[in-house]
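Next come the chains, spelled out residue by residue.
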Amino acid sequence: MGIVQKFKAWRQSRHEGKVSRAAKTAKNPKAIREDRWAALEALCAMDEAAEAVPPLLQRFEFSLENGIGDAREKELAMGGITRFGDQAVPLVLEHLATTTRIAWPIKILKSLGNDALVVEGLKKALNFGETTFDQGQTDKNYDLLCHLVEHKLGSFAHDLRRFLKDPDERVRFAAAEVLIEQNDPTMVPMLEGFLTDQTVENIRIRQTVLRAFVERQWILTQPERIPGGEVIPGIYVTSTRTLAVRGQHS
């Protein structure tokens, strides 16, 4: 190896060491505040997104007791990520799929792209597997569904049927709200069963679904499942198979 190659190898090794040290300090909540800030600044000054973005994203994995200081550090990290523009997008999406701390990654995606980009990230981050014994993943699914309620999801909304039977009531409720906000009659068969569900576990969901059917005048697919044509006292099935409040409709 010639002297030029040796120098390049030495410089590369030194650079990699700098990146590694900065990344280690930036993600350490117990590091001295000034050292962590300097590490974040060093990462923000990196030229390559692949080097800077992943360790900067790690800063969002913890929160400090000092809320102001915590926010300042996270804003610094966010600025270091968003300056890479489109180059940062796949790295943020990859992180969002694995982390349970989703608020800042979603905030970053919103600043980097349009709604379609955000929705794509939210959809890919959902865990459709078994999460009963993983509270972190359960909480993440709930948070993701709360964000998805703001968006039209097209045919993907039908895939959310799985979450209507989730063991966690919050997840079931959030999934129901997402489906309701699609304002799509094809969601009716998935939600209709809650109209006659009198279990304590689904009281809140039933009330929300009932209100949606009355306000949106969705047509029931199985009105015969409602005993006596009355869902609850005062709300009944009309001749057109919609729900109405007694006294307000003929």
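Residues numbered from 1 in each chain as written. Predicted model: local features only at pLDDT ≥ 70, side-chain atom pairs only at ≥ 80, totals over all residues. Heavy atoms only, no water.

### Some thoughts on the pattern of salt bridges
Close approach of charged atoms allows side chains with opposite charge to pair.
Logical step 1: Evaluated as defined, the whole model comprises twelve salt bridges.
Logical step 2: In this structure, Arg 59 and Glu 73 form a salt bridge, with 2.8 Å as the shortest nitrogen-oxygen distance. Placement of the pair is Arg 59 in the loop between helix H3 (49-57) and helix H4 (67-82) and Glu 73 in helix H4, with a sequence separation of 14 residues.
Logical step 3: Given a relative accessible area of 0%, Arg 59 falls into the buried group. (Salt bridge = Lys/Arg side-chain N within 4 Å of Asp/Glu carboxyl O. Helix = DSSP H or I, 4+ residues; strand = E, 2+ residues; numbered from the N terminus. Buried < 20%, exposed > 50% of the residue type's maximum accessible area, 1.4 Å probe, protein only.)

### Focus on the environment of Thr 100
Logical step 1: Looking at where Thr 100 falls in the secondary structure, it is placed in the loop between helix H5 (89-98) and helix H6 (103-112).
Logical step 2: For the pair Thr 100 and Glu 61, spaced 39 residues apart in the sequence, the C-alpha separation amounts to 8.2 Å.
Logical step 3: Ignoring anything within four residues of it in the chain, the contact list for Thr 100 reads Gly 136, Gln 137 and Lys 140. (Contact = heavy atoms within 4.5 Å.)

### Comments concerning the sheet that holds strand S2 (residues 235-237)
Logical step 1: Here three strands make up an open sheet; going across it, the order is S1-S2-S3 and the pairing antiparallel. Each edge of the open sheet is held by one strand with a lone partner, namely strand S1 (230-232) and strand S3 (243-245). Each strand of the sheet is rotated relative to its neighbour by a mean of 30 degrees, with strand direction disregarded.
Logical step 2: In this structure, S2 lies alongside S3, joined through three bridges in antiparallel fashion. Paired with Val 237 across the bridge in S3 is Leu 243. (Pairing = 2+ DSSP bridges. Axes fitted to C-alpha atoms, helices over the stretch in contact; angles between N-to-C directions.)

### Side note on the nonpolar core
Logical step 1: The biggest cluster of nonpolar side chains holds 72 residues, and the ones touching the most others in it are Leu 145 and Leu 243.
Logical step 2: In terms of residues, this core owes the most to one element, helix H9 (residues 169-181), which gives eight residues.
Logical step 3: In this structure Leu 243 touches Leu 195, Leu 210, Phe 213, Val 214, Gln 217, Leu 220, Ile 226, Val 231, Ile 235, Tyr 236, Val 237 and Thr 238, once residues within four positions along its chain are discounted. (Core = buried A, V, L, I, M, F, W, Y, C linked by side-chain atoms within 4.5 Å.)

### Notes on H5
Logical step 1: Considered for burial, the residues of H5 that qualify are Val 89, Leu 91, Val 92, Leu 93, His 95 and Leu 96.
Logical step 2: Against H3, H4, H6, helix H7 (115-125) and helix H8 (135-148) lie the buried residues of H5.

### As for the packing of aromatic side chains
Logical step 1: Going through the model one piece at a time under the given rule, you end up with four aromatic pairs.
Logical step 2: Between Phe 128 and Phe 156 the ring centres are 6.3 Å apart and the planes differ by 90 degrees, which places this aromatic pair in the edge-to-face class. Within this pair, whereas Phe 128 is found in the loop between H7 and H8, its partner Phe 156 is found in the loop between H8 and H9, the two being separated by 28 residues in sequence.
Logical step 3: The exposure class of Phe 156 is buried, given its relative accessible area of 13%.
Logical step 4: Plain terms: the ring middles of Phe 213 and Trp 218 are 5.3 Å apart, the flat faces sit at 90 degrees to each other, and that makes the pair edge-to-face.
Logical step 5: Every member of this aromatic cluster is reached through a ring pair, and the members are Phe 128, Phe 156 and Phe 163.
Logical step 6: In this structure, Arg 170 is placed above the aromatic ring of Tyr 142, and the distance from its NZ or CZ to the ring centre is 4.9 Å. (Phe/Tyr/Trp six-rings, centres within 6.5 Å; stacked < 30°, edge-to-face > 60°. Lys NZ or Arg CZ within 6 Å of the ring centre and 35° of its normal.)

### As for unusual backbone geometry
Logical step 1: The phi torsion at Asn 183 lies on the positive side, around 50 degrees, for a residue other than glycine.
Logical step 2: Structurally, Asn 183 can be placed in the loop between H9 and helix H10 (188-191).
Logical step 3: Take Asn 183: its relative accessible area is 43%, and that puts it in the partly exposed class.
Logical step 4: Backbone geometry places Gln 217, a non-glycine residue, at a positive phi of 55 degrees.

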